[in-house]
Amino acid sequence: MGYKVAVIMGGTSFEREFSLKSGKNVCQALEEAGHKVLPLDTTKDLVPTLRSERPDAAYIALHGKHGEDGAMQSLMEFVGIPYVGSAAPVCRSTWNKDSLHTTMASYRKAAGEAPIASWPQGICVARDCFKSMGAATALDLVQERVYGGFPVAVKPAHGGSAMGVHKVESQEELGEAMLDALSFDNHVVIEQWIDGVEMAVSVLGEGWDAYALPPVEIVPKQGWFNEDARWNSDLVDYYAPVRNSSLSPDEDQAQAIRAEIERAVLEVYRAYELRDLARIDLVWDGAQARVLETNVSPGMTRTSLFPMACQAAGLSLPAVLNELVEQAIQRGPVW
């Protein structure tokens, strides 16, 4: 049975163009699955159109602000339209990259499970503290406040596509990196730089029924997986699934490591109470799966990591999105 599905894309974030490409691919996949698609941008006509058209469900293909911070999810709940993806409070939590350690600590205390996932240690500094309260004069403390010292990662606490993210090799580079990161957000995270095998692991489902798709290995041809590399697939080699040889020269050990990576990802997925779909980015540092961030609205372009993972799992994107839409409709609107 075909449904009328609103695909909300574009928006006003720094990632608008990427969102439009994702939305276009989502529209094509849903149409292929037999649905009537209503493509919508976040203009002043959005809510009037939703109220007059009354779609059966919505797919939020927005990246960055409004799409991943819970704003559009809250709006869908307000107007009574079921939507694919995690609930608004969950999105607000994952949107803050500094929330991982507290979220995991609370989950582990309640669940009593053996810990699997790990993550970089770091600190978060507000723009006002940096610019108006003299925090800029204390950047010499980073060497001792961040475990292992330089290099460190400097990144906006909220945002995606590696915008405003820097690999900082010394204290002399910190100030400029901080200013750039703060041009994207009001808070900046300074954390350990983790070297190793970089991967993106997509997940489908909810709770203990959630399952990981094959990890996608990310190998930039030069440097690291920065903003330019994310926008230009010619600058990166992707392997879906991750190559066993990247994890260990021993085949059995490589399989065991991959299983541990997937367990770590599912631990994070459950801790945040994610549902439907998400992508979790991490680095295998040779000993642990070091989680970097969680994406509640994975990219859906033809060269994005989520579609790659689906293909590696033998799943078609139209079939996956069709199932997610049906689940959202069964779940119904939040009143």
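Above this text sits the structure in question.
What this report covers is the structure whose coordinates are included nearby.

Criteria and cut-off values
- Residues numbered from 1 in each chain as written.
- Predicted model: local features only at pLDDT ≥ 70, side-chain atom pairs only at ≥ 80, totals over all residues.
- Heavy atoms only, no water.
- 1 Å grid on protein atoms, 1.4 Å probe; cavity = no way out; pocket = protein on both sides within 12 Å on 5 of 7 lines; lining within 4 Å.
- Points joined across faces, edges and corners; volume = space filled by probe spheres on them.
- Helix = DSSP H or I, 4+ residues; strand = E, 2+ residues; numbered from the N terminus.
- Nonpolar A, V, L, I, M, F, W, Y, C, P; charged D, E, K, R; others polar.
- Axes fitted to C-alpha atoms, helices over the stretch in contact; angles between N-to-C directions.
- Parallel < 35°, antiparallel > 145°, perpendicular 65-115°, else oblique.
- Contact = heavy atoms within 4.5 Å.
- Buried < 20%, exposed > 50% of the residue type's maximum accessible area, 1.4 Å probe, protein only.

The next point concerns empty space enclosed by the protein. Overall, the coordinates contain 4 cavities of 30 Å³ or more when judged by the stated rule. Size it by volume and the largest cavity reaches roughly 80 Å³. Elements with a minimum of two residues in the lining of the largest cavity: strand E3 (57-60) and strand E4 (83-84). Tallied by class, residues from the lining of the largest cavity come to 7 nonpolar, 5 polar and no charged.

Below, the discussion takes up the packing of helix H5 (residues 100-111) against helix H11 (residues 251-272). Contact pair H5 / H11: the axes reach a minimum separation of 9 Å and the direction vectors enclose 85°. By the angle class used here, H5 and H11 are roughly perpendicular. Packed against H5, whose contacting residues are Leu100, Thr103, Met104, Tyr107 and Arg108, the element H11 presents Glu267, Val268, Arg270, Ala271 and Tyr272 at the interface. Class assignment of the residues belonging to the contact of H5 with H11 gives a composition of 6 nonpolar, 1 polar and 3 charged.

Right, let's talk about unusual backbone geometry for a bit. Cis geometry is found at the peptide bond from Phe150 to Pro151, where omega equals 0°. Cis geometry is adopted by the peptide bond preceding Pro241, which originates at Ala240 and carries an omega value of 5°. Along the chain, Pro241 turns up in the loop between strand E12 (236-239) and helix H10 (244-247). Residue Asp276 is not a glycine yet carries a positive backbone phi of 75°. In this fold, Asp276 is placed in strand E13 (residues 275-284). A relative accessible area of 2% places Asp276 in the buried class.

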